[in-house]
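Chain and residue survey
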Amino acid sequence: MKTPIQDLLHAQVESLYPAIYLVTQEETDANELIQELAESDGQQRPIVEWNLASGFTDFHTRQPQTEWCDLAAALNVLLADELDNQFIVLRDAHLALRDTSGTADALAVARLRALIARILEDENATTTIFLVSSQAFVPPELETFITIFELPLPDEAEIRDLIGRYLQAYE
């Protein structure tokens with residue numbers, strides 16, 4: 001059974017919203033949501049991931065795919081790629097979109113805006129960008145393009161279920 005947040009995110013993806021910001025302390029929950037969305041409607045969308053620690057990384061294995069590069073360089077690579085029915089996951093977005101002084105990294109912001117514009121302009125592009133981090137940082141230049149979702153922490157029933165599964169695994 002789908003949760004309300006899954007239904008809402010599915011509607012956003014199917015409505016071709018170009019960028020969705022998932023704010024969460026539980027990265028595993030974000031991964032599961034993205035994977036479920038990638039597999040919805042009987043299709044398997046490829047998932048391209050970049051994170052601040054490793055650069056381009058395999059979404060499923062967490063293994064680095066290339067040498068590390070910063071977000072601006074990664075976005076430059078993505079701008080040159082085909083935008084064909086895929087998900088792009090940018091982790092640690094709140095840190096990667098800032099420069100060392102704590103203000104917006106102008107080059108990263110400009111390239112992310114260019115990538116979003118390319119997605120919006122290409123009528124065949126069915127790509128969605130997921131920004132994932134523990135807190136939202138959206139520069140003013142990107143505010144109109146990004147939809148923010150705060151993923152809830154587990155409720156009491158989910159915590160009890162997790163504890164029960166943990167106990168069963170170690171009995």
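Residues numbered from 1 in each chain as written. Predicted model: local features only at pLDDT ≥ 70, side-chain atom pairs only at ≥ 80, totals over all residues. Heavy atoms only, no water.

The next subject is the overall build of the protein chain. Looking only at helices and strands, one finds six helices and six strands in the protein chain. Here the C-alpha radius of gyration of the protein chain, 17 Å, is about what a compact globule of 171 residues would show, namely 16 Å. If you take every contact in the protein chain between residues at least 6 apart in sequence, the share linking residues at least 24 apart comes to 74%. Just so you have it, the protein chain exposes about 9600 Å², and 52% of that area is on carbon and sulfur atoms. Computed over 10 positive and 30 negative side-chain charges, the separation of the two mean positions in the protein chain equals 1 Å. (Helix = DSSP H or I, 4+ residues; strand = E, 2+ residues; numbered from the N terminus. Rg over C-alpha atoms; globule rule 2.2 N^0.38 Å. Contact = heavy atoms within 4.5 Å. Areas by Shrake-Rupley, 256 points an atom, 1.4 Å probe, with all protein chains shown as cover. Lys, Arg positive; Asp, Glu negative; His and termini not counted. Charge placed at Lys NZ, Arg CZ, Asp CG, Glu CD.)

With their axes 8 Å apart at the nearest point, helix H3 (residues 71–80) and helix H5 (residues 106–121) run at an angle of 20° to one another. When the axis of H3 is compared with that of H5, the two are roughly parallel. In this structure, H3 meets H5 at a crossing whose hand is left-handed. Along its contact with H3, which presents Leu 71, Ala 72, Ala 73, Leu 75, Asn 76, Leu 78, Leu 79 and Ala 80, the element H5 presents Leu 107, Ala 108, Arg 111, Leu 112, Ala 114, Leu 115 and Arg 118. Here the residues of the contact of H3 with H5 sort into 12 nonpolar, one polar and two charged. (Axes fitted to C-alpha atoms, helices over the stretch in contact; angles between N-to-C directions. Parallel < 35°, antiparallel > 145°, perpendicular 65-115°, else oblique. Left-handed = near helix turned anticlockwise from the far one by under 90°. Nonpolar A, V, L, I, M, F, W, Y, C, P; charged D, E, K, R; others polar.)

Attention now goes to the packing of aromatic side chains. Overall, the coordinates contain one aromatic pair when judged by the stated rule. For the pair Phe 87 and Phe 130, a centre-to-centre distance of 5.1 Å together with 80° between the ring planes defines the contact as edge-to-face. Separated by 43 residues along the polypeptide, Phe 87 in strand E4 (residues 87–91) and Phe 130 in strand E5 (residues 128–133) bring together distant segments of the chain. Taken as a pair, Phe 87 and Phe 130 share a single burial class, namely buried. It is Arg 62 that lies over the ring of Phe 59; its NZ or CZ is 5.1 Å from the centre. (Phe/Tyr/Trp six-rings, centres within 6.5 Å; stacked < 30°, edge-to-face > 60°. Buried < 20%, exposed > 50% of the residue type's maximum accessible area, 1.4 Å probe, protein only. Lys NZ or Arg CZ within 6 Å of the ring centre and 35° of its normal.)

Together, Ile 159, Ile 163, Tyr 166, Leu 167 and Tyr 170 give the surface a local cluster of nonpolar side chains, amounting to about 580 Å² of exposed area. Among the structural elements, Tyr 166 can be located in helix H6 (residues 156–169). (Patch = residues over 30% accessible without salt bridge, like charges linked within 9 Å, V, L, I, M, F, W, Y side chains within 5 Å. Salt bridge = Lys/Arg side-chain N within 4 Å of Asp/Glu carboxyl O.)

Leu 112, Ile 129 and Leu 131 are the most contacted members of the largest nonpolar core, which has 30 residues in total. Among the elements of the structure, strand E1 (19–23), H3, E4, helix H4 (93–96), H5 and E5 are those that each provide at least two residues to this core. Looking at which element gives the most residues to this core, the answer is H5, with six residues. With near-sequence residues (within four places) excluded, Leu 112 lies in contact with Leu 75, Leu 90, Leu 97, Ile 129, Leu 131 and Leu 142. (Core = buried A, V, L, I, M, F, W, Y, C linked by side-chain atoms within 4.5 Å.)

It is worth spelling out the side chain of His 94 at this point. By secondary structure assignment, the location of His 94 is in helix H4. With a relative accessible area of 7%, His 94 lands in the buried category. A polar contact is formed between the side chain of His 94 and the side chain of Ser 133, at a distance of 3.4 Å. Setting aside chain neighbours within four positions, we find His 94 in contact with Tyr 21, Ser 133, Ser 134, Gln 135 and Phe 137. (Polar contact = N/O pair within 3.5 Å; in protein donor to acceptor, adjacent residues only side chain to side chain.)

Here we take up unusual backbone geometry. A positive phi angle is found at Leu 16, which is not glycine, with a value near 65°. Locating Leu 16 in the fold gives a position in the loop between helix H1 (4–14) and E1.

Here the focus is the pattern of salt bridges. Inspection of every chain in the model, using the stated rule, returns five salt bridges. A salt bridge links Arg 45 to Glu 14; the nearest nitrogen and oxygen atoms lie 3.7 Å apart. Here Arg 45 is found in the loop between helix H2 (27–38) and strand E2 (47–51), whereas its partner Glu 14 is found in helix H1, with 31 residues between them in sequence. Linking Glu 49 and Arg 62 is a salt bridge whose minimum nitrogen-to-oxygen distance equals 2.9 Å.

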